[in-house]
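Chain residues, written in single-letter form:
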Amino acid sequence: MKTGKIRKIILALVLAVIGCGSLMSAPQEDAGSYFTINEIDDALFERINGKSYKADCNVPLEELRYITVAYCDFNGETRKGEMICNKAIADDLIDIFRNLYAASYPIERIELIDDYDAEDRKSMEANNTSCFNFRKIAGSKTLSKHALGLAVDINPLYNPFVKNGKSGRKVSPESGAPYADRTAKFPHKIDTNDLCYQEFVKHGFKWGGNWKSVKDYQHFEK
């Protein structure tokens, strides 16, 4: 067998052991073109109007940006994600997701929350990473940072919102209950040692996992 062929076989075996599983699953060189920032055009507005961009939304479209990014899904395959955010953090998010992708950081999906009828619960149950959604903080009259496009939820199923009260523990999404115990070890957990946490904090974001009264382990805001 020729030396070159042997080397290819060895490389494939190494990638299968230490990488995402195959040559196709490792970050691709041409995925750099996936990272884009654009204004909200008419076609995109049709997708979000009445959903994440509700009738009472007072955030001007000019303040929002549509970004696309490359990411590694849970199977290690390269995917193209889409997100709407405030223009103030668009460059930050491109930089953060570029670094996460380069490190093969696993994110299950990055889709517009409009694909889930802008229902936060449905998006979280699907473990969808998202940003803009004009809504109030659950159980309050205060607008969420998501309403301004200034907050991102990462792998929310494995990093749920947790509130302990007199009536017991509330976990959102409900199927994220097994991951409410942050002393346990499990995949996709965001903590202060996690690359995702480090990237967002480096770019000036605050983490909901550091809040005192409640914990929102999926949540980064600026």
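Values in this document were obtained by computation on a predicted structure and should not be read as measured data.

Asks: Even after reading the chapter, I still don't get the pattern of salt bridges, so can you show me in this structure?
Replies: Pairing of side chains with opposite charge becomes possible as their charged atoms draw close. With the rule as written, the count across this model stands at eleven salt bridges. The closest approach of N and O atoms between Asp120 and Arg135, which form a salt bridge, is 3.6 Å. Placement of the pair is Asp120 in helix H4 (residues 120-125) and Arg135 in the loop between strand E5 (128-129) and strand E6 (151-153), with a sequence separation of 15 residues. Taken together, the salt bridges that share partners define one network made up of Arg47, Glu82 and Asp115.

Asks: Could you clarify how one ought to interpret the packing of helix H3 (residues 90-102) against helix H5 (residues 195-202) in this entry?
Replies: Two packed helices can be described by the angle between their axes and the distance between those axes. Running from amino to carboxyl end, H3 crosses H5 at an angle of 155 degrees, the nearest separation of the two axes being 10 Å. The angle between the axes of H3 and H5 places the two elements in the roughly antiparallel class. Our pair here, H3 against H5, has a crossing hand that is right-handed. In this structure, H3 contributes Leu93, Ile96, Asn99 and Leu100 to the contact, and H5 contributes Leu195, Cys196, Glu199, Phe200 and Lys202.

Asks: Would you mind going over empty space enclosed by the protein with me for this structure?
Replies: Rolled over the atoms, a probe as big as a water molecule pinpoints where empty space is left. On inspection of all chains with the given rule, the structure shows one cavity of 30 Å³ or more. What the largest cavity holds in volume is close to 40 Å³. Lining the largest cavity, in full, are Met83, Ile84, Glu111, Leu112, Ile113, Asp114, Ser130, Cys131 and Phe132. When the residues that make up the lining of the largest cavity are grouped by side-chain class, the tally is six nonpolar, one polar and two charged.

Asks: Quick question: what am I supposed to make of the sheet that holds strand E3 (residues 78-86) here?
Replies: An order of E1-E2-E3 is seen for the three strands of this open sheet, with the pairing classed as antiparallel. Two strands lie at the open edges of the sheet, namely strand E1 (36-38) and E3, each paired on one side alone. For this sheet the average axis-to-axis angle between neighbouring strands, irrespective of direction, equals 20 degrees. Sheet topology places strand E2 (residues 64-72) next to E3; nine bridges connect them, and they run antiparallel. Bridge pairing in E3 links Ile67 to Met83. Each of E1, E2 and E3 touches H3; the most contacted strand, E2, lies at about 5 degrees to it.

Conventions used here
- Residues numbered from 1 in each chain as written.
- Predicted model: local features only at pLDDT ≥ 70, side-chain atom pairs only at ≥ 80, totals over all residues.
- Heavy atoms only, no water.
- Salt bridge = Lys/Arg side-chain N within 4 Å of Asp/Glu carboxyl O.
- Helix = DSSP H or I, 4+ residues; strand = E, 2+ residues; numbered from the N terminus.
- Axes fitted to C-alpha atoms, helices over the stretch in contact; angles between N-to-C directions.
- Parallel < 35°, antiparallel > 145°, perpendicular 65-115°, else oblique.
- Left-handed = near helix turned anticlockwise from the far one by under 90°.
- Contact = heavy atoms within 4.5 Å.
- 1 Å grid on protein atoms, 1.4 Å probe; cavity = no way out; pocket = protein on both sides within 12 Å on 5 of 7 lines; lining within 4 Å.
- Points joined across faces, edges and corners; volume = space filled by probe spheres on them.
- Nonpolar A, V, L, I, M, F, W, Y, C, P; charged D, E, K, R; others polar.
- Pairing = 2+ DSSP bridges.

Read these as geometric descriptors, not functional statements.
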